[in-house]
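Take a look at the letters that make up each chain.
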Amino acid sequence: MQVRSADVLADAIEWSNKRGIPRFVLGGGSNVLISDDGFDGLVIKMAITGISYKDGDDSVVAVVGAGENWDAFVADTVERELWGVENLSGIPGTVGAAPIQNVGAYGQEVAYVIEWVEVYDAANIKRKRLSPDECSFGYRDSIFKHEEGDDLIVTRVALRLKKGGEPNRSYKDLQHFFHADEEPTLYQMREAVLEIRRGKFPDLDEAGTGGSFFKNPIISRKKYETLQKEYPDMPGYELDGGSIKIPFAWILDNVFDLKGHYERGVGFFEKQPLVVINKGSGMAEDVHFLTQPVIDRTKDEFGIDIEREVTLVGNR
Ligand code: NAP
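Quantities reported herein were computed from a predicted structural model and do not represent experimental measurements.

In terms of nonpolar packing, the biggest core is built from 51 residues, with Trp70, Val110, Phe144 and Leu159 touching the most fellow members. Only α1 (6-19), β4 (42-46), β6 (59-65), α2 (70-79), β9 (114-121), β11 (152-162) and α4 (186-200) provide two or more residues apiece to this core. A total of six residues in this core trace back to one element, the largest contributor, which is β11. Leave out the neighbours within four places in its chain, and Val110 touches Trp70, Leu88, Ala98, Pro99, Asn102, Val103 and Leu159. In terms of nonpolar packing, the next biggest core, distinct from the first, is built from 31 residues, Leu33, Ile219, Tyr231 and Met234 among them.

Taken together, 19 residues are adjacent to the ligand, and Arg140, Tyr171, Lys245, Gln272 and Glu309 come closest. At 3.1 Å, a side-chain N or O of Tyr139 approaches an oxygen atom of the ligand. Considered on its own, the ligand offers 790 Å² of accessible surface; in the complex 85% of this is hidden by protein. Of all the elements in the fold, those that place two or more residues in the shell around the ligand are β7 (104-105), α3 (172-177) and β12 (208-212). For the shell around the ligand, a count of residues per class yields seven nonpolar, six polar and six charged.

Across the sheet, three strands lie side by side as β13-β15-β14; this open sheet has antiparallel pairing. Lying at the two open borders of the sheet, with one neighbouring strand each, are β13 (218-219) and β14 (237-238). Relative to strand β15 (residues 244-245), β13 runs antiparallel, the two sharing two bridges. When the sheet's bridge partners are listed, Ile218 is paired in β15 with Lys245.

The next point concerns the sheet that holds strand β16 (residues 262-263). Read across the sheet, four strands follow the order β12-β18-β17-β16 without closing on themselves; strand pairing throughout is antiparallel. Sheet topology places β12 and β16 at the edges, where each strand pairs with a single neighbour. Where β12 and strand β18 (residues 275-278) come together, three bridges link them in antiparallel fashion. Within β18, the residue paired with Ser212 across the bridge is Val275. Sitting on the sheet, helix α7 (residues 284-302) touches β16, β17 (266-268) and β18, and the angle it makes with β17 is about 30°.

One way to put it is that α2 packs onto α4 with a least axis distance of 9 Å and a crossing angle of 150°. Classified by the angle between their axes, α2 and α4 sit roughly antiparallel to one another. Contacts from Asp71, Val74, Ala75 and Val78 in α2 reach Leu186, Tyr187, Arg190 and Leu194 in α4. The class makeup of the residues in the contact of α2 with α4 is six nonpolar, no polar and two charged.

About the criteria used
Residues numbered from 1 in each chain as written. Predicted model: local features only at pLDDT ≥ 70, side-chain atom pairs only at ≥ 80, totals over all residues. Heavy atoms only, no water. Core = buried A, V, L, I, M, F, W, Y, C linked by side-chain atoms within 4.5 Å. Buried < 20%, exposed > 50% of the residue type's maximum accessible area, 1.4 Å probe, protein only. Helix = DSSP H or I, 4+ residues; strand = E, 2+ residues; numbered from the N terminus. Contact = heavy atoms within 4.5 Å. Near = heavy atom within 4 Å. Polar contact = N/O pair within 3.5 Å; in protein donor to acceptor, adjacent residues only side chain to side chain. Areas by Shrake-Rupley, 256 points an atom, 1.4 Å probe, with all protein chains shown as cover. Nonpolar A, V, L, I, M, F, W, Y, C, P; charged D, E, K, R; others polar. Pairing = 2+ DSSP bridges. Axes fitted to C-alpha atoms, helices over the stretch in contact; angles between N-to-C directions. Parallel < 35°, antiparallel > 145°, perpendicular 65-115°, else oblique.

See below:
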């Protein structure tokens, strides 16, 4: 069912709680892999909309309904000359889904700008606001992806955006896009991200995809140095705290040789192998057939437990 208001959401929760029916809250459907058997329960399509802006001295707080389209919201912030989410341009899905996996791209994460997240707590039948700390944001992660967040349904998100800002060009694609002495405007940053994404990611009208299928693994520096002895070219990015993030696409391409590899209609996209795409005929089981050996092999050969970034829905 489509849910357009917090009151209708409360009714839907009460209805499913009384009957003991499992629930699944769907945003834009851009990061889920649904079982071939479907989902036996109530699917709540989040459709709460509305955007308001509260003006401050050097920042503005945008309060956005969870069902708003993420990229339309980003476009609106850029139009209003507000900084903070411009590098997150072109990400499919809804605003309510953004804090769930703490969407990130080109050096920005939504967690950096979140002021609060309004949720409906289905276990305690009440609305509440979570601070960023209470959301336990991590790399493509938050409380909402864990058991303690199972009953929390995001209804609105407040984001603090700056009236002025510095373009974040830390990722190589953005560095190459502009001349070193260029000072891109906010609008140019959004356009650059959109153009880079168009060249690198599948056209969603042509191929089905949940985007990056795996999270990039984060390992200790010691482990990274050990792996570097065998793979001297393996890139790694140091995070706060000293651990190292490895671009898993590098392993898929250079070690497993899976870039552009397709089986049963699904495969690792030729321009970015972290992205699993379905050329038309693939089923969820085919995606598991393709990806489970990668999970196993990464454990065997690298001693790394690789995690899926997509959410699995229903029984496998
Ligand atoms: P890229 O620039 O080719 O870089 C490859 C990987 O290395 C990225 O996954 C990125 O990690 C990491 N990386 C690169 N430069 C970095 C830096 N300066 N500091 C820290 N980490 C760095 O990546 P890409 O495939 O073209 O993707 C560009 C951005 O869009 C990335 O941030 C990526 O996560 C994001 N994206 C996300 C999805 C999704 O479905 N979630 C899909 C496509 C793209 P991070 O992934 O941690 O940034």
